[in-house]
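Structural description and commentary
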Amino acid sequence: MTVRTIKRPARRLLAVIALTMTLTACTGGGSDPPESKDEPLQQKPVNEVLQLVQARAQAVADLAGSPLEGWSTNTVPCEGRGGETADDGRWYLGATANLRVAPAEQLTTLNRVRDGLRQQGYEITEDRSFAEGTRGSLSARDPSTAITVSLTTTKALDHVAVGLLSDCYMPVDGESPANA
């Protein structure tokens, strides 16, 4: 898998996932500042972050028992607390995919993924069902990498949408992922 620019509908999905993660109090996603204002952001090459995100996505797919479909990634500039775009090159990587899961198994699958992620040390930041118990969403954060994973059933119940966001990083020399 390679980092590539994604089309407008996928960008919208990525934006919705990022907004959902922010609104559900996820930490470590693409727009979080360092722990203190004096602590600089880490520098990481895009391929290293991509490998981390891919490994977390594959772990989710394994727990769900379904392969990832429609995998796409994109690097995006980080935002400040006021929603302003960072002008110093800081960036994060977002990824989206789908899992084909039968409608009757979607909530069971979310629960299985939640339990598996919890056993792997993830912090569960959102776990809810809605639409009279027919749909649900789950968000979890891997504290070792600060990658946030979100799964949401779709309204049509034809698949489970998966989104991942890395932490915010400074670019390494020779890369400009915030401007990709």
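This paragraph deals with the packing of helix H2 (residues 46–64) against helix H3 (residues 106–119). Interaxial distance between H2 and H3 falls to 8 Å at its minimum, and their mutual angle equals 125°. It follows from the interaxial angle that H2 and H3 lie oblique. The handedness of the crossing between H2 and H3 is right-handed. Between H2 and H3, the residues in contact are Val60, Leu63 and Ala64 and Thr109, Arg112, Val113, Gly116 and Leu117, respectively. The class makeup of the residues in the contact of H2 with H3 is five nonpolar, two polar and one charged.

This part covers the state of the cysteines. Within this structure, the stated rule accounts for one disulfide. Between the sulfur of Cys78 and that of Cys168 lies a disulfide, 1.8 Å long from S to S. The sign of the S-S torsion, about 125°, decides the handedness of the disulfide formed by Cys78 and Cys168: right-handed. Of this pair, Cys78 sits in the loop between strand E1 (68–77) and strand E2 (91–99) while Cys168 sits in the segment after strand E6 (160–165), placing them 90 residues apart in sequence.

Moving on to the sheet that holds strand E3 (residues 123–130). Spatially, six strands are ordered E1-E2-E6-E5-E4-E3 in an open sheet, and the strand pairing comes out antiparallel. Each edge of the open sheet carries a strand with a single partner, namely E1 and E3. Averaged over all pairs of adjacent strands, the angle between strand axes in this sheet comes to 10°, irrespective of strand direction. Strand direction decides the pairing type here: E1 and E2, joined by eight bridges, are antiparallel. Across the sheet, Leu68 pairs through a bridge with Leu99, a residue of E2. This element, H2, spans E1, E2, strand E4 (135–142), strand E5 (147–153) and E6 of the sheet and lies at about 25° to E2. Sitting on the sheet, H3 is in contact with E3, E4, E5 and E6, with an inclination near 15° to E4.

Let us now look at the environment of Thr152. Mapped onto the elements, Thr152 comes out in strand E5. A relative accessible area of 29% means that Thr152 is categorised as partly exposed. On a C-alpha basis, the gap between Thr152 and Arg135 in space is 7.8 Å, while along the polypeptide they are 17 residues apart. Setting aside its immediate chain neighbours within four residues, Thr152 contacts Phe130, Gly136, Ser137, His159, Val160 and Ala161.

In this structure, Val53, Leu99, Val113, Leu151 and Leu164 are the most contacted members of the largest nonpolar core, which totals 30 residues. Within the residue set of this core, elements represented by two or more residues are H2, E2, H3, E4, E5 and E6. If you tally residues by element for this core, the top one is H2, at nine residues. For Leu99, the residues in contact, after removing those within four places along its chain, are Val60, Ala61, Ala64, Ser66, Pro67, Leu68, Leu151, His159, Val160 and Val162. By size, the runner-up hydrophobic cluster in this structure holds six residues, among which are Leu41, Cys78, Tyr92 and Cys168.

Procedures and definitions
Residues numbered from 1 in each chain as written. Predicted model: local features only at pLDDT ≥ 70, side-chain atom pairs only at ≥ 80, totals over all residues. Heavy atoms only, no water. Axes fitted to C-alpha atoms, helices over the stretch in contact; angles between N-to-C directions. Helix = DSSP H or I, 4+ residues; strand = E, 2+ residues; numbered from the N terminus. Parallel < 35°, antiparallel > 145°, perpendicular 65-115°, else oblique. Left-handed = near helix turned anticlockwise from the far one by under 90°. Contact = heavy atoms within 4.5 Å. Nonpolar A, V, L, I, M, F, W, Y, C, P; charged D, E, K, R; others polar. Disulfide = S-S within 2.5 Å. Pairing = 2+ DSSP bridges. Buried < 20%, exposed > 50% of the residue type's maximum accessible area, 1.4 Å probe, protein only. Core = buried A, V, L, I, M, F, W, Y, C linked by side-chain atoms within 4.5 Å.

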